[in-house]
Amino acid sequence: MGVEEEYLLVDADGVPTGVAEAAVRAHEQGGGEAADEGPPGGGLEKELQEQQVETGTHPCLELDELAAEVREGRARASAAALQADGRLVAVATSPMSGPTTLSRGARYEAMAQAYALTVREQLTSGCHVHVSVADDDEGVAVLDRIGPWLPVLLALSVNSPYWHGEDTGYDSIRSQMWNRWPTAGPTAPFRTADAYRRAVAGLVESGVALDPAMMYFDARLSPRYPTVEIRVADVCLRADDAVLVAALCRALVETASRQAADGVPPSHDRVEPLRAATWRAARSGLGGDLLLPPFMTPVPARDAVAQLLDHLRPALVDSGDLATVQELLAQLWQRGTGAAEQRAWAREGGLPAVVENAVAATIA
C-alpha cells in the first residue's frame, strides 16, 4: 500500500500562496526524488493550483514503515515549502480566503478551459490510498464491494470545515466542492473489468473527461499502477490519521477480495444511497449519524466505526494491523477529527490560530 497526500501552501499570514513550482524545484535541488520516480509517490510534485503540492510514500508492507514514510514526506515537503517562502499545512480547504493561480502546463490549461469556475475555485486537498491487486478483475471486484463503507472513511478523515474564511457547517466541505467534477463521487457496481474500461472510455469519448486520469471516482483502478486507489478521504491533519485510513483501506480491499472469491455479491446496485451516505459523512463527520450497509440505515458514528472494524477484523488480524488500528482509533476518538480540532482552535484564536496550529500539527 502507498499513500499520496495533497497539502496547501500558505504565507506567513496563513493565506494560500502560489509557490509550488519553487518548492518542487527546491526539493529536487536538495536531492529529493522527481515527481515521476518511484511507484507510487516518493517525490514532491505540483498540483492543479500553485498553492498546493502533493507528496507520497513508496509501496509499504508494514504500518510502521508507512508511518515513517508519511512523516518523512511531510518533513521534506515542509522544508521545501520553507525554502520557497511558504509553509506546508495539511488541511483539506483553506481557512483563510486567498487567490488561486493555475499551475503551468498544457493539461492544466485545457482543464481550465473545459471546466471554468470549477477549476478556478478548486483548491482542495485529499488523501489517496493505493492498495495492490493482482489484476483489473480483482480490482473491479473490490470496487464493487467497498463503496458502501467509504463514507465511514470520509467521516474519520474530515478536515475541511472552512471555505473562504467562513465556517461552512460541514466537517468536509472539500468533498462537496470536489463532487462538482462530472466524474467524481461513488459508483454503482461495474461487475466486470471490461465494463469498467467501457465506462471510462465512454466518459472520455463524451468529452466530460479529458483523459482516464480524470476518473475522480471515490475509488478507482489507478491509471498508472496495479492498484485500487481509494480517494474519498480528506487529507488528514495528523500523520497518525493518514496511517489509520491507509490501514483501513488495505483491510477493505482484502475483505472485498475475499468476499468476491467466496461468491458474495455486492451489497448495493444503485448509487443514490451512496451519495446520501457520503453527504451525511461530509456534513457531520463523527459528530452525527452515518449510513451503513446493507440497507444504508442511520446509526451513531461511533457504532458505524465499530461495525466497520468488525467487518474488517479478520483481514486486520491476518495482516497484524488490528492492535495498531485500535490504538489509532482510540487516539482519534480522544483528540477529535481535524475538523473538530480546527473549530476548537478557531474558538480560541480565530482563523489565524487555526492555520498556525495546523502548520505545527502537519509535521508533529
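Refer to the preceding data block for the structure.
Right, let's walk through the structure included here. All residue numbers refer to position in the chain's written sequence, counted from 1. Under the rules for a predicted model, residues below a pLDDT of 70 receive no local features and side-chain atom pairs below 80 are neither given nor counted, while totals for whole chains, interfaces and linings still include all residues. Each side-chain value is worked out from all heavy atoms of the structure, with water and hydrogens disregarded.

**What about the overall build of the protein chain?**
Secondary structure elements are defined from DSSP: runs of H or I of at least 4 residues count as helices, runs of E of at least 2 residues count as strands, and each element is numbered from the N terminus. A count of helical and extended segments in the protein chain gives 13 helices and 11 strands. Radius of gyration here uses only the C-alpha atoms, and the compact-globule reference equals 2.2 Å multiplied by the residue count raised to the power 0.38. A compact globule built from 364 residues should have a C-alpha radius of gyration of about 21 Å, and the protein chain, at 19 Å, falls within 12% of that. The principal-axis extent of the C-alpha atoms belonging to the protein chain is close to 55 × 45 × 35 Å. Relative to its full complement of 364 residues, the protein chain shows a buried share of 57%. A sequence separation of at least 24 residues applies to 75% of the contacts in the protein chain between residues at least 6 apart. The Shrake-Rupley method, run with a 1.4 Å probe, gives the accessible areas here. Residue values count only the displayed protein chains as cover. Summed over its atoms, the accessible surface of the protein chain is roughly 14,200 Å², and 52% of this surface lies on carbon and sulfur atoms. Across the protein chain, the 30 positively charged side chains and the 51 negatively charged ones have centroids separated by 4 Å. For each residue, the accessible area found with a 1.4 Å probe, counting protein chains only, is set against the maximum for its type, and the residue is called buried under 20%, exposed over 50%, and partly exposed in between. Here a residue-residue contact requires only that any non-hydrogen atoms of the pair lie within 4.5 Å. None of His or the chain ends enter the tally, which takes Lys and Arg as positive and Asp and Glu as negative. Think of each charge as sitting on NZ of Lys, CZ of Arg, CG of Asp or CD of Glu.

**As for the packing of helix 11 (residues 301-319) against helix 12 (residues 322-335)**
Orientation is described by lines fitted to C-alpha atoms, with helices fitted over the stretch in contact, and by angles between N-to-C directions that extend from 0 to 180 degrees. Taken N-terminus to C-terminus, the directions of helix 11 and helix 12 make an angle of 165°; their axes are 10 Å apart at the nearest point. What the angle tells us is that helix 11 and helix 12 run roughly antiparallel. With respect to the hand of their crossing, helix 11 and helix 12 are arranged in right-handed fashion. Between helix 11 and helix 12, the residues in contact are Ala 301, Arg 302, Val 305, Leu 309, Arg 313, Leu 316 and Val 317 and Leu 322, Val 325, Gln 326, Leu 329 and Trp 333, respectively. The class makeup of the residues in the contact of helix 11 with helix 12 is nine nonpolar, one polar and two charged. Our angle categories are set so that under 35 degrees counts as roughly parallel, over 145 as roughly antiparallel, 65 to 115 as roughly perpendicular, and the remainder as oblique. When the near helix sits turned anticlockwise from the far one by under a right angle, the crossing is termed left-handed; a clockwise turn instead gives a right-handed crossing. Think of it as three bins: nonpolar holds Ala, Val, Leu, Ile, Met, Phe, Trp, Tyr, Cys and Pro, charged holds Asp, Glu, Lys and Arg, and polar takes everything else, Gly as well.

**What about the packing of aromatic side chains?**
Any Phe, Tyr or Trp ring, taking Trp's six-membered ring, that has another such ring centre within 6.5 Å forms a pair; planes under 30 degrees apart are called stacked, those over 60 apart edge-to-face, and the others tilted. For the structure on display, the rule yields eight aromatic pairs. Consider the rings of Trp 178 and Tyr 216, whose centres lie 4.8 Å apart with planes at 45°: the pair is tilted. With Trp 178 in helix 7 (residues 173-178) and Tyr 216 in the loop between helix 8 (193-206) and strand 8 (219-221), the pair connects residues that are 38 residues apart, well separated along the chain. A single burial state applies to Trp 178 and to Tyr 216, both of which are buried. Ring centres of Trp 181 and Tyr 216 lie 5.4 Å apart, and the angle between their planes is 75°; this geometry places the pair in the edge-to-face category. Taken as a pair, Trp 181 in the loop between helix 7 and helix 8 and Tyr 216 in the loop between helix 8 and strand 8 lie far apart in primary sequence, 35 residues in all.

**Considerations on unusual backbone geometry**
A negative phi angle is the norm for most residues apart from glycine, just as the trans form is the norm for most peptide bonds. Geometrically, the link from Pro 293 to Pro 294 is a cis peptide bond, its omega value of 5° lying close to zero. Mapped onto the fold, Pro 294 is located in the loop between strand 10 (289-292) and strand 11 (297-300). The residue Asp 85 is not glycine, and still its phi comes out positive at about 65°. With respect to the helices and strands, Asp 85 occurs in the loop between helix 2 (63-83) and strand 4 (87-89). Notably, His 164 is not glycine yet its phi reads approximately 50°, a positive angle.

**Remarks on the nonpolar core**
Formed by 84 residues in total, the largest nonpolar core has its most connected members in Met 111, Leu 153, Trp 181 and Ile 230. Setting aside its immediate chain neighbours within four residues, Trp 181 contacts Leu 48, Met 111, Tyr 115, Thr 118, Val 119, Gln 122, Met 214 and Tyr 216. What is meant by a nonpolar core is a set of buried Ala, Val, Leu, Ile, Met, Phe, Trp, Tyr and Cys residues, joined one to another through side-chain atoms within 4.5 Å.

**Brief notes about the pattern of salt bridges**
Whenever Lys or Arg places a side-chain nitrogen within 4 Å of a carboxyl oxygen from Asp or Glu, that contact is recorded as a salt bridge. On inspection of all chains with the given rule, the structure shows 20 salt bridges. Arg 335 is the salt-bridge partner of Asp 241, the closest N and O atoms lying 2.9 Å from each other. Of this pair, Asp 241 sits in helix 9 (residues 239-261) while Arg 335 sits in helix 12; the two residues are 94 residues apart in sequence, bridging distant segments of the chain. On the accessibility criterion, Arg 335 (24% relative accessible area) is partly exposed. Between Asp 321 and Arg 250 there is a salt bridge; the shortest N-O distance is 2.8 Å. Highlighted residues: Asp 321 in the loop between helix 11 and helix 12 and Arg 250 in helix 9, separated in sequence by 71 residues.

**Brief notes about the state of the cysteines**
Count a disulfide wherever a pair of cysteine sulfur atoms falls within 2.5 Å. For the coordinates displayed, the defined rule picks out zero disulfides. Lacking any disulfide linkage, Cys 60 is separated from the closest cysteine sulfur, that of Cys 127, by 13 Å. The class for Cys 60 is buried, based on a relative accessible area of 2%. Unpaired in terms of disulfides, Cys 236 finds its nearest cysteine sulfur in Cys 127, a separation of 5.1 Å. Overall, the relative accessible area of 2% leaves Cys 236 in the buried class.

**Section: the packing of helix 5 (residues 136-146) against helix 9**
Taken N-terminus to C-terminus, the directions of helix 5 and helix 9 make an angle of 105°; their axes are 8 Å apart at the nearest point. One element, helix 5, and the other, helix 9, form an angle in the roughly perpendicular class. Residues Glu 138, Ala 141, Val 142, Arg 145 and Ile 146 of helix 5 lie in contact with helix 9, whose contacting residues are Leu 252, Val 253, Ala 256, Ser 257, Gln 259 and Ala 260. Here the residues of the contact of helix 5 with helix 9 are counted per class, giving seven nonpolar, two polar and two charged.

**A word on the environment of Ala 304**
Structurally, Ala 304 is set in helix 11. Through-space distance from the C-alpha of Ala 304 to that of Leu 292 is 6.7 Å; in sequence the pair is 12 residues apart. Each residue touching Ala 304, except ones within four places of it in the same chain, is listed here: Val 152, Leu 290, Leu 292 and Val 299.

**Observations regarding helix 9**
Any helix carries an expected span of 1.5 Å times its number of residues minus one. Across its 23 residues, helix 9 extends 33 Å between first and last C-alpha, which sits within 8% of the 33 Å expected from 1.5 Å per residue. Following helix 9 by one or two positions, Gly 263 adopts a phi angle in the positive range, close to 80°.

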